[in-house]
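Structural features, examined
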Amino acid sequence: MIHSPADTLICDTAQVAAWQSDSAYAYNRELIAPDINLLRWLSEQFGEVLGKIFGNSLVSEYSDLILIGTAILILVLLLWFVYKKRPELFMRSGKDTLPYAVAEDTIYGIDFEDGMAKALSGGDYREAVRLLYLQTLKLLSDRKRIDWQLYKTPTQYLHEVRLPAFRQLTDHFMRVRYGNFEATEALFHSMLALQEEIRKGGEA
């Protein structure tokens, strides 16, 4: 009768545990996808840039202050950009800012001179400012400088007419129309002078 040799292999669990804890034997680490933290990576990249500009010692000491200051600066720049593009978003508004219907803001079928004369004689400078601005839009439309549409906003016309005088005139109108700023006789005459500059062509 043939006897099979005895199984002499014994698993040394202590040795296996030692190997498992040794990073030199962690071969499967190449197969595991790294846990990428995008925010941490951006922070490190930003820190490296700041380190090159200000020095590593200064950045490490005031890193939090620098990050907060940079975030505030970026926010201010974003707000400034939005203000330049859409200034009406930053102006005051309320129920009393629309004493006339939007549908009345048409440039056709209106006797502007007579309307402004009546508004000025009655001390209604707000109405006079509105009529003056609409008259200016009528002038620009007649000269094919703008494509007037009832639904378009003053900001849209600024993209069509790049005259400093028209920008100032539009700013004055929007402050009165949307920002509830007081319309005065002095403001009206200032806008009248701007309209005359636009009528002459202004500066390119």
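Values in this document were obtained by computation on a predicted structure and should not be read as measured data.

Things to note about the overall build of the protein
- When helices and strands are tallied, the protein shows 8 helices and 0 strands.
- Starting at the N terminus and walking to the C terminus, you meet the elements of the protein as α-α-α-α-α-α-α-α.
- When the 204 residues of the protein are sorted by exposure, 27% land in the buried category.
- Pairs at least 24 residues apart make up 61% of the contacts formed inside the protein by residues separated by at least 6 positions.
- A total accessible area of about 14800 Å² is found for the protein, and carbon and sulfur atoms account for 59% of it.

Focus on the pattern of salt bridges
- On inspection of all chains with the given rule, the structure shows 5 salt bridges.
- When the shortest N-O distance is used, the salt bridge between Lys 152 and Glu 160 registers 2.4 Å.
- For Glu 160, a relative accessible area of 30% corresponds to the partly exposed category.

So, helix 4 (residues 112-121)
- Among all positions of helix 4, only Phe 112, Gly 115, Met 116 and Ala 119 are buried. In an axial view of helix 4, the angular spread of the buried residues amounts to 95°, which keeps them on one side of the axis. Across helix 4 from its buried face, at more than 90 degrees, point the exposed residues Glu 113, Lys 118 and Ser 121.
- At the exit of helix 4 stands Gly 123, carrying a positive phi of roughly 70°.

With respect to the confidence of the model for the protein
- Taken as a whole, the protein shows an average pLDDT of 77; of its residues, 65% reach a score of 70 or greater.
- Below a pLDDT of 50 lies the segment residues 93-103, which in the model reaches 16 contacts outside its immediate sequence neighbourhood of four places, other chains included.

Some thoughts on the environment of Tyr 125
- Assignment of secondary structure puts Tyr 125 in helix 5 (residues 125-142).
- Those residues in contact with Tyr 125, other than ones at most four positions away along the chain, are Leu 120, Ala 183, Thr 184 and Glu 185.

A short note on the nonpolar core
- Ranked by internal contacts, the top residues of the largest apolar core, which has 31 residues, are Leu 137, Ile 146, Phe 166, Leu 169, Met 191 and Ile 198.
- Elements with a minimum of two residues in this core: helix 4, helix 5, helix 6 (154-160), helix 7 (164-177) and helix 8 (185-199).
- With 9 residues, helix 5 is the single largest residue contributor to this core.
- Every residue in contact with Ile 198, bar those within four places of it in the chain, is listed here: Thr 136, Leu 140, Arg 143, Leu 163, Ala 165, Phe 166 and Leu 169.

Calculation rules
Residues numbered from 1 in each chain as written. Predicted model: local features only at pLDDT ≥ 70, side-chain atom pairs only at ≥ 80, totals over all residues. Heavy atoms only, no water. Helix = DSSP H or I, 4+ residues; strand = E, 2+ residues; numbered from the N terminus. Buried < 20%, exposed > 50% of the residue type's maximum accessible area, 1.4 Å probe, protein only. Contact = heavy atoms within 4.5 Å. Areas by Shrake-Rupley, 256 points an atom, 1.4 Å probe, with all protein chains shown as cover. Salt bridge = Lys/Arg side-chain N within 4 Å of Asp/Glu carboxyl O. Arc of directions from axis to C-beta. pLDDT = per-residue confidence, 0-100. Core = buried A, V, L, I, M, F, W, Y, C linked by side-chain atoms within 4.5 Å.

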